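# Residue-level structural notes
Here is what each chain is made of, one letter per residue.
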Amino acid sequence: VPMNEESITVTLTLDNDETLECLVLTIYETNGQKYIALLPLDEEGDNTDGEVFIYRYLESEDGEPELDNILDDEEYEIAADAFDEWLDTQEFDEMSE
C-alpha cells in the first residue's frame, strides 16, 4: 500500500499496553454495522505480513470514532467477506488505471 498525503493512521493500544500504528484501509458498512479495516505498520511504516485487523467502527455521542472488538465468529466472517469484496474492487481499480 503506497503511503501518500491522504493516508490516515490510528494508534491502537493493545491489551499488553503496547501501541501499534495502523494505516486505515477503509471504513465500510455491511448489515447495517460499520467496520474499519486496519493495516498494522512496523517501526519503519511498513506492513510485512499482510495481516489486516477488522473492528466494529462506532462514533460516540460527541462524534469521536471508537473501535470495538468483534467477538462473534459469524459476525467476523461477514465483516471479513465484505472487506475482501472491497479489496477486490480496489485491485481492479488499480489495474484499470
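Our structure is the block above this text.
This structure is a prediction, so every number in the text was calculated from the model and none was measured.

What counts, and where the lines are drawn
- Residues numbered from 1 in each chain as written.
- Predicted model: local features only at pLDDT ≥ 70, side-chain atom pairs only at ≥ 80, totals over all residues.
- Heavy atoms only, no water.
- Helix = DSSP H or I, 4+ residues; strand = E, 2+ residues; numbered from the N terminus.
- Buried < 20%, exposed > 50% of the residue type's maximum accessible area, 1.4 Å probe, protein only.
- Contact = heavy atoms within 4.5 Å.
- Areas by Shrake-Rupley, 256 points an atom, 1.4 Å probe, with all protein chains shown as cover.
- Pairing = 2+ DSSP bridges.
- Axes fitted to C-alpha atoms, helices over the stretch in contact; angles between N-to-C directions.
- Salt bridge = Lys/Arg side-chain N within 4 Å of Asp/Glu carboxyl O.
- Phe/Tyr/Trp six-rings, centres within 6.5 Å; stacked < 30°, edge-to-face > 60°.

### Quick word on the overall build of the protein chain
- In terms of regular secondary structure, the protein chain is built from 1 helix and 5 strands.
- Across the 97 residues in the protein chain, those meeting the buried criterion constitute 27%.
- Taking as baseline every contact in the protein chain between residues at least 6 positions apart, the subset at least 24 positions apart corresponds to 29%.
- Carbon and sulfur atoms make up 44% of the accessible area of the protein chain, which amounts to about 7,200 Å² in all.

### Quick word on the pairing of strand β2 (residues 19-30)
- Strand direction decides the pairing type here: strand β1 (residues 9-13) and β2, joined by 5 bridges, are antiparallel. The residue bridging Thr-11 from the neighbouring strand is Glu-21, located in β2.
- Counting the residues in the hairpin turn of β1 and β2 gives 5 residues, including Asp-17, whose phi is positive at 70°.
- Of the strand pairs in this sheet, β2 and strand β3 (residues 33-40) are connected by 8 bridges, and their pairing is antiparallel. By the bridge assignment for β3, Leu-23 is matched with Leu-39.
- A loop of 2 residues connects β2 with β3, the two strands running antiparallel in sequence, and Asn-31 in this loop sits at a positive phi of about 55°.

### Quick notes on the sheet that holds β3
- The 5 strands lie next to each other as β1-β2-β3-β4-β5, forming an open sheet whose pairing is antiparallel. The open sheet is flanked by β1 and β5 (65-68), the only strands paired with a single partner. With direction set aside, neighbouring strand axes in the sheet form an average angle of 50°.

### Details of the pattern of salt bridges
- For the coordinates displayed, the defined rule picks out 2 salt bridges.
- Among the salt bridges present, the one from Asp-68 reaches Arg-56, with a minimum N-O distance of 3.4 Å. With Asp-68 in strand β5 and Arg-56 in strand β4 (residues 53-59), the pair connects residues that are 12 residues apart, well separated along the chain.
- Arg-56 is paired through a salt bridge with Glu-75; the nearest N and O atoms lie 2.6 Å apart. Here the residue Arg-56 occupies a position in strand β4, and Glu-75 occupies one in helix α1 (residues 73-96), the gap between them amounting to 19 residues.
- Glu-75 gets classed as buried once you look at its relative accessible area, which sits at 14%.

### Thoughts on the packing of aromatic side chains
- The tally for this structure, following the rule as stated, stands at 3 aromatic pairs.
- When the ring of Tyr-28 is compared with that of Tyr-35, the centres are 5.9 Å apart and the planes differ by 35°; the resulting orientation is tilted.
- Tyr-35 sits in the buried class, given a relative accessible area of 3%.
- Relative to Phe-83, the ring of Tyr-28 lies with its centre 6.4 Å away and its plane at 35°, an arrangement referred to as tilted. Linking Tyr-28 in strand β2 with Phe-83 in helix α1, this pair joins segments that are 55 residues apart in sequence.
- For Phe-83, a relative accessible area of 5% translates into the label buried.
- Members of the aromatic cluster, joined through ring pairs, are Tyr-28, Tyr-35, Phe-83 and Trp-86.

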